[in-house]
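# Results of the structural survey
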Amino acid sequence: MATPVKVYGPPLSTAVSRVLACLLEKDVQFQLIPINMSKGEHKSPDFLKIQPFGQVPAFQDESISLFESRAICRYLCEKHAEKGNKGLYGTNPLVKASIDQWLEAEGQSFNPPSSVLVFQLAFAPRMKIKQDQALINQNVEKLAKVLEVYEKNLGESRFLAGDDFSLADLSHLPNTHYLVNATARGELFTSKKNVGRWWGEISSRDSWKKVVDMQKQTT
Ligand SMILES: N[C@@H](CCC(=O)N[C@@H](CS)C(=O)NCC(=O)O)C(=O)O
């Protein structure tokens, strides 16, 4: 039997939860290793050996160490092409290119404003950090513009990269989950016909529901 891969970090982290959702879609066995970020364990010399930027997640598969959640997800899909959800990262070059295109859109256009909003609106109050209203307004505006593009695309296809749920959709789950469920800005998504329908569909996947359960168990 294959040794379970190791994921280091708390499921509450958006980047960790992206990797967990991918592992569950691909039906790959894993061991979650808790990292206490409030105690600064992600900055310890031992952790920096596997994640030199001192961030979560870090990932190990036997002798291989990786960081960057989206790269870890791509690796899992390539290595386990025949396991679990076989189409998660596409099965031909054109579908793969389309998934990559939307993965890049997530990383380059969607994540910058949405991660600022997740921190400012969901985490800062819990951490008793003062919110920056100007930054919030600026990023609500940026995210709304990005979501106009999504609304148009999702009017033409069921999921971002075509008719099937893919890694591109999965990668949007962590930030969108917090914005819809832990802030008062959920209408950015739910008020849009196509984006709202898409969010309803991707957030109902068993893999994501399991990640949310894991998050609840750690709060
Ligand atoms: N691009 C990285 C981002 C990782 C990241 O920002 N992780 C956050 C938690 S979601 C973190 O470790 N923050 C603590 C810090 O930066 O010190 C990835 O996708 O893995």
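Residues numbered from 1 in each chain as written. Predicted model: local features only at pLDDT ≥ 70, side-chain atom pairs only at ≥ 80, totals over all residues. Heavy atoms only, no water.

### Here we look at the site of the ligand
Put simply, the rule reads: Think of it this way: one heavy atom of a residue within 4 Å of a molecule or strand is enough to make that residue near it. As used in this structure description, the phrase polar contact means that two N or O atoms lie within 3.5 Å; if the pair is within protein, one of them must be able to donate a hydrogen and the other to accept it, and residues adjacent in sequence are counted only when both atoms belong to side chains. For the purposes of this entry, the term helix denotes a DSSP run of H or I that reaches at least four residues, the term strand denotes a run of E that reaches at least two, and both are numbered from the N terminus. Nonpolar residues are Ala, Val, Leu, Ile, Met, Phe, Trp, Tyr, Cys and Pro. Charged residues are Asp, Glu, Lys and Arg, and all others, Gly as well, are polar.
Lys-43, Gln-55, Val-56, Glu-68 and Ser-69 are the nearest of the 13 residues found near the ligand. In this structure, an oxygen atom belonging to the ligand sits 2.9 Å away from a main-chain N or O atom of Val-56. A distance of 2.7 Å separates a nitrogen atom of the ligand from a polar side-chain atom of Glu-68. Of all the secondary-structure elements, those providing two or more residues to the shell around the ligand are α1 (14-25) and α3 (69-79). A class-by-class count of the residues in the shell around the ligand yields four nonpolar, six polar and three charged.

### Quick notes on the pattern of salt bridges
Counted only if it meets this: In what follows, salt bridge is the name for a side-chain nitrogen of Lys or Arg lying within 4 Å of a carboxyl oxygen of Asp or Glu. Categorising residues by exposure relies on relative accessible area from a 1.4 Å probe, with only protein chains included: less than 20% of the type maximum marks a residue as buried, more than 50% marks it as exposed, and the intermediate range marks it as partly exposed.
Inspection of the entire model under this criterion finds 11 salt bridges. The partner of Asp-46 in a salt bridge is Lys-49, and the shortest N-O contact between them spans 3.2 Å. Placement of both Asp-46 and Lys-49 in helix α2 (residues 45-50) is noted, with a separation of three residues, approximately one turn of the helix. Lys-49 carries the same exposure label as Asp-46, and that label is exposed. For the salt bridge of Glu-78 with Lys-96, the shortest nitrogen-to-oxygen distance reads 3.8 Å. One end of the pair, Glu-78, is in helix α3; the other, Lys-96, is in helix α4 (residues 93-126), with 18 residues separating them in the sequence. Residue Glu-78 is classed as partly exposed on the basis of its relative accessible area, which comes to 47%.

### So, the sheet that holds strand β3 (residues 58-61)
Stated formally: Between any two strands, pairing holds if DSSP finds at least two bridges. Axis definition: a line fitted to C-alpha atoms, limited for helices to the stretch in contact. Angles are taken between N-to-C directions and run from 0 to 180 degrees. Whether two residues are in contact is decided by their heavy atoms, any of which lying within 4.5 Å being enough.
Here four strands make up an open sheet; going across it, the order is β2-β1-β3-β4 and the pairing mixed. Lying at the two open borders of the sheet, with one neighbouring strand each, are β2 (30-33) and β4 (64-67). Sheet twist, expressed as the mean angle between neighbouring strand axes with direction ignored, is 20°. The sheet contact formed by strand β1 (residues 5-8) and β2 spans four bridges and is parallel. In the strand pairing of β2, Val-7 is matched with Leu-32. The sheet contacts of α1 involve β1 and β2, and relative to β1 the element is tilted by about 155°.

### Focus on the domain arrangement of the protein chain
Here is the rule we go by: By convention here, the domain bounds are inherited from an automatic or database domain assignment.
The domains assigned to the protein chain are domain 1 (5-86) and domain 2 (93-209). A straight line from the C-alpha centre of domain 1 to that of domain 2 covers 21 Å. Our count for the contact surface shared by domain 1 and domain 2 stands at six salt bridges. Salt-bridge contacts for Arg-74 lead to Asp-100; the nearest nitrogen and oxygen are separated by 3.1 Å.

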